[in-house]
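Here's the letter readout for the chains.
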Amino acid sequence: MTVSGRKKLIFGNWKMHFSVKQSVAFATKLADKEVPDSVEVAVAPNTLAIAPVSDVLSVSKIATISQNAYYKDEGAFTGEVSMPMLRGVAKYVLVGHSERRHVFHESNELVRHKVAAAVRSSIKPILCVGETLVEREHFHTKQVVHDQLTSGLCDLTAEEVARMVIAYEPVWAIGTGKYAHPDDAVKVAAHIRSVIASLYGHEPANKVRILYGGSVSSENATSYISSSGIDGLLVGGASLSLAKFWPIVAAAQKVQTTKSNEGRA
Ligand code: PGA
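Residues numbered from 1 in each chain as written. Predicted model: local features only at pLDDT ≥ 70, side-chain atom pairs only at ≥ 80, totals over all residues. Heavy atoms only, no water.

Participant: Tell me what's going on with the site of the ligand, and back it up with residues and numbers.
Facilitator: Within the structure, the ligand sits among 14 residues, and K15, H97, E169, G175 and S215 are positioned closest to it. Between G175 and the ligand, the recorded distance is 2.6 Å, taken from a backbone N or O atom to an oxygen atom. The separation between an oxygen atom of the ligand and a polar main-chain atom of G236 is 2.8 Å. Looking at the shell around the ligand residue by residue, the class counts come to 5 nonpolar, 7 polar and 2 charged. (Near = heavy atom within 4 Å. Polar contact = N/O pair within 3.5 Å; in protein donor to acceptor, adjacent residues only side chain to side chain. Nonpolar A, V, L, I, M, F, W, Y, C, P; charged D, E, K, R; others polar.)

Participant: So, the state of the cysteines: which residues are in play, and what are the values?
Facilitator: Under the definition given, this model contains 0 disulfides. Counting only cysteine sulfurs, C154 is the nearest neighbor of C128, a cysteine outside any disulfide, at a range of 18 Å. Here C128 falls in the buried class, since its relative accessible area comes to 3%. The exposure class of C154 is partly exposed, given its relative accessible area of 41%. (Disulfide = S-S within 2.5 Å. Buried < 20%, exposed > 50% of the residue type's maximum accessible area, 1.4 Å probe, protein only.)

Participant: How would you summarise the sheet that holds strand 1 (residues 8-13) if you had to cite specific residues and measurements?
Facilitator: The 8 strands are arranged 1-2-3-4-5-6-7-8 in a closed barrel whose pairing can be described as parallel. Each strand axis lies, on average, 25° off the axis of its neighbour in the sheet, ignoring direction. Bridge analysis of strand 1 against strand 8 (residues 232-235) gives 4 bridges, and the strand direction is parallel. For G12, the partnering residue across the bridge sits in strand 8 and is V235. Running over the sheet, helix 2 (residues 47-57) touches strand 2 (39-44) and strand 3 (63-66) and is turned about 165° from strand 3. Docked against the sheet, helix 12 (residues 242-264) engages strand 1, strand 2 and strand 8, running at close to 170° with respect to strand 1. (Pairing = 2+ DSSP bridges. Helix = DSSP H or I, 4+ residues; strand = E, 2+ residues; numbered from the N terminus. Axes fitted to C-alpha atoms, helices over the stretch in contact; angles between N-to-C directions. Contact = heavy atoms within 4.5 Å.)

Participant: Tell me about the pairing of strand 7 (residues 209-213), residues and numbers included.
Facilitator: Taking burial as the measure, the 5 residues of strand 7 include 5 buried ones, the bulk of the element. Where burial is concerned, the two faces of strand 7 agree: the one with R209, L211 and G213 and the one with I210 and Y212 are both buried. When strand 6 (residues 165-168) meets strand 7, the two strands line up parallel, connected through 4 bridges. Following the sheet pairing, I166 is matched in strand 7 by I210. Where strand 7 meets strand 8, 3 bridges bridge the pair, whose relative direction is parallel. Residue pairing across strands places G213 opposite L234, the latter belonging to strand 8.

Participant: Describe the environment of S107, with residues and values.
Facilitator: Within the secondary structure, S107 sits in the loop between helix 4 (98-102) and helix 5 (108-120). Spatially, the C-alpha atom of S107 lies 13 Å from that of Y71, the residues being 36 residues apart in sequence. Here the side chain of S107 touches L110 through a polar contact of 3.1 Å, landing on its backbone nitrogen.

Participant: Hey, could you go over the nonpolar core for me, with residue numbers and the actual values?
Facilitator: With 67 residues, the main nonpolar core has L153, I166, I192, Y212 and L233 as its most contacted residues. With 8 residues, helix 9 (residues 182-200) is the single largest residue contributor to this core. Among the nonpolar cores identified, the runner-up in size contains 14 residues, and L9, A42, I126 and L234 belong to it. (Core = buried A, V, L, I, M, F, W, Y, C linked by side-chain atoms within 4.5 Å.)

Participant: Describe the side chain of N46, with residues and values.
Facilitator: Mapped onto the fold, N46 is located in the loop between strand 2 and helix 2. Accessibility expressed as a relative area gives 16% for N46, which makes it buried. At 2.9 Å, the side chain of N46 forms a polar contact with the backbone nitrogen of L48. Apart from the residues within four sequence positions on either side, N46 is in contact with K15, H17, F18, S23 and Q67.

Participant: Before we move on, could you go through the environment of S198 and cite the residues and values that matter?
Facilitator: Within the element layout of this structure, S198 appears in helix 9. Here the side chain of S198 touches V195 through a polar contact of 2.8 Å, landing on its backbone oxygen.

Participant: Hey, could you go over helix 9 for me, with residue numbers and the actual values?
Facilitator: In this model helix 9 runs 26 Å from its N-terminal to its C-terminal C-alpha over 19 residues, within 8% of the 27 Å that 1.5 Å per residue would give. Looking only at helix 9, the buried set comprises P182, A185, V188, A189, H191, I192, R193, V195, I196, A197 and Y200. After helix 9 finishes, the residue G201 shows a positive phi value of roughly 105°. (Expected span 1.5 Å × (residues − 1).)

No statement about biological role is implied by the geometric values presented.
Okay, here's the thing in structure tokens:
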């Protein structure tokens, strides 16, 4: 645990990879791994695979994340899955991932409805925020993140915000091999807490868990999670193989062990 008592979160986003059979086979390998007490691990299979993967992982401490869901509870919404349908299958749901925002044109308003619907259904939303390359080059990162947060969280109470996970994922760093300098990621994480503090107060700002995502690998993982302002990582490409993913979990455990030894010294 960190000084503030938060576990480090290492979340894998499998995106549109793996058939159901492949997902189950990979989940079976993951279920055999021992998850350290100081780290929370969760993975996001494709929608078809969530139920069988969650069955396989039910014997382990690894949780399941839905990559997406719609905000209406039920009805004539062909192709969609609702938040209540995720109950008992997924603990978390990704909302506002940059691929949803940019490839599927999800607006801040839709994201806001999805966050509220997840909370209503007791599925924990992971709200993704982050700037594009053009926005970064024009020094608009803080404003973009501010706007995405303000709108994404606006239907929630301070207590609900405190239980949220926010993922800072600069769009230009996702799947590109380019990653944010850890100092920049730490600065944006601090900005996220200050926006939340100004809207909801200091308690939710301290309690909310903030992840970094964007070309995370076992080589760069420690540089992010060694900061107490960053609670974990959302890992895409490197979550698709045990050989790449588990060293990231091990890196988080090492950071936690070092911190708790320092705390005792
Ligand atoms: P990446 O993806 O690690 O492949 O950059 C991260 C994400 O999209 O969550």
